[in-house]
Amino acid sequence: MTSPRLASNTDFGRMYARIVGGELEVPSITTVISQQAMDLGGWHGYMAAKAALEDHRSYRASSSPGLKFAIIRDAANASERFRDDAAARGDRVHNYAENVALRAMGEPHEADEMREILVSLGEQAYADRFDEWWDQFRPTPLATEVTIWNDTVGYAGTLDLVAEIAGHTCIIDYKTKGTDRKGRVKSLDHKVVMQLVAGLKAEKSLVDAEAGQWEDWKHGQAPILMGVALGETEVVAQQANPRVLENNWYKFCALKRVWDYNKTLTEEECEVLMPVIPPPLNEAEPSLDEKKA
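J.: What am I meant to see in unusual backbone geometry here?
T.: Both trends apply: most residues other than glycine have a negative phi, and most peptide bonds are in trans. Phi at Glu-145 takes a positive value of approximately 50°, unusual for a residue other than glycine. Tracing the sequence through the fold places Glu-145 in strand β4 (residues 140–150). On the basis of relative accessibility, which here comes to 5%, the residue Glu-145 falls in the buried class. Backbone geometry at Ala-166 places phi at a positive 55°, although glycine is not the residue there. The topology assignment puts Ala-166 in the loop between β5 (155–165) and β6 (168–176).

J.: So what exactly am I meant to see when it comes to the pattern of salt bridges here?
T.: It is possible for side chains bearing opposite charge to pair when their charged atoms get close. Counted by the stated rule, this structure contains 15 salt bridges. Between Glu-210 and Arg-5 there is a salt bridge; the shortest N-O distance is 2.4 Å. Linking Glu-210 in the loop between β7 (204–208) and β8 (213–216) with Arg-5 in the segment before β1 (7–10), this pair joins segments that are 205 residues apart in sequence. Put simply, Arg-115 and Asp-128 hold a salt bridge, and the shortest N to O gap is 3.1 Å. With Arg-115 in helix α5 (residues 111–120) and Asp-128 in helix α6 (residues 124–137), this pair connects stretches of sequence that are 13 residues apart. Residue Arg-115 is classed as buried on the basis of its relative accessible area, which comes to 18%. Residue class for Asp-128 comes out partly exposed when judged on its relative accessible area of 25%. Sharing partners across several salt bridges, the network here consists of Arg-18, Glu-25 and Asp-151.

J.: I'm lost on the nonpolar core in this one. Help?
T.: Soluble globular proteins: nonpolar side chains tend toward being buried together. Membership of the largest hydrophobic core comes to 28 residues, with the highest contact counts inside it found for Tyr-155, Ile-171, Trp-217, Leu-225 and Phe-252. Mapped onto this core, the elements with two or more residues apiece are α1 (29–33), β4, β5, α7 (191–200) and α8 (245–267). Here the element with the most residues in this core is α7; it accounts for seven residues. Residues in contact with Trp-217, not counting those within four places in the same chain, are Val-146, Ile-148, Leu-159, Val-162, Ile-171, Gly-199, Leu-200, Ala-202, Glu-203, Lys-204 and Ser-205. With 22 residues, the next largest nonpolar core counts Val-100, Ala-101, Leu-118 and Trp-134 among its residues.

J.: Can you help me understand the pairing of β1 in this one?
T.: In the case of a regular strand, side chains alternate between the two sheet surfaces. Where β1 meets strand β2 (residues 13–16), four bridges bridge the pair, whose relative direction is antiparallel. Paired with Ala-7 across the two strands is Tyr-16, which belongs to β2. What sits between β1 and β2 in their antiparallel hairpin is a turn of two residues.

The rules behind these values
- Per chain, the residues get numbers from 1 upward, laid out in the order the sequence is written.
- Given that this is a predicted model, residues contribute local features only at a pLDDT of at least 70 and side-chain atom pairs are listed and counted only at 80 or more, while totals for whole chains, interfaces and linings are drawn from all residues.
- Water and hydrogen atoms play no part in the side-chain values, which are based on all heavy atoms of the structure.
- What counts as a helix is a DSSP run of H or I of at least four residues, what counts as a strand is a run of E of at least two, and both are numbered from the N terminus.
- Working definition: with a 1.4 Å probe on protein chains only, accessible area under 20% of the residue-type maximum means buried, over 50% means exposed, and in between means partly exposed.
- Take a side-chain nitrogen of Lys or Arg and a carboxyl oxygen of Asp or Glu: if they are within 4 Å of each other, that pair is a salt bridge.
- Only buried residues count toward a nonpolar core. Its members are Ala, Val, Leu, Ile, Met, Phe, Trp, Tyr and Cys residues joined through side-chain atoms within 4.5 Å.
- We call two residues contacting when some pair of their heavy atoms lies within 4.5 Å.
- Pairing between strands is defined by DSSP: at least two bridges between them are needed.

Next up, the structure:
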């Protein structure tokens, strides 16, 4: 994938440089969106309880304080393990999707190798469903894993795919999703609209990461912003409603300002909180003990 070449993780989230090895200047699109608070307390609690209940060591824990502590520790980290595993799987599926697009564009690709990796890990169903979606929608790729930049607002990101479908230019974002109890792929989060509209509002796109060469963004008028939920049982594609794009753009810009404020506060070298001492006693004024007397 191309995004890691210019992006790096920092204390302020993922940030982008204009050239390989250059100064990290702006946050990624997903870092900006992450400024929106999310209440995941219930999910974290559920994952911890599930991990503890399914731990095969639980029946022996009552007689071993050390084992009990180990189970509690592992259960507390269950949600993080699940998140990391899902992110790694998402990267593998995205890599396959990217290489399928490169193959369609006549570019060097490793589509077969990427599929074999998924097969070896029991994740072939994701590739199969993606192939079905590709055959059904018949996209003509214009760019894949393209890094974009917006100087005016101050952000960058990497778009999964820009393609022509049925004569319309589409900006497409893939989301690897789990499957619910009915065997249906789980729904896309509405935040994908912010992600897509931020891509639409790009001003530059990367040409050469090593040389730091950029060009004007060619797809700022794309009529269709599409989120694609990739699951093991099905793929569901949804278009961002044009009526909500403007408000989602305003919200994204507001979240970018929040990121700016947080970064500035963090970088301040002065103390945020300062000690306060009681005021000196005025000798002309009687003390509380004198007043009581």
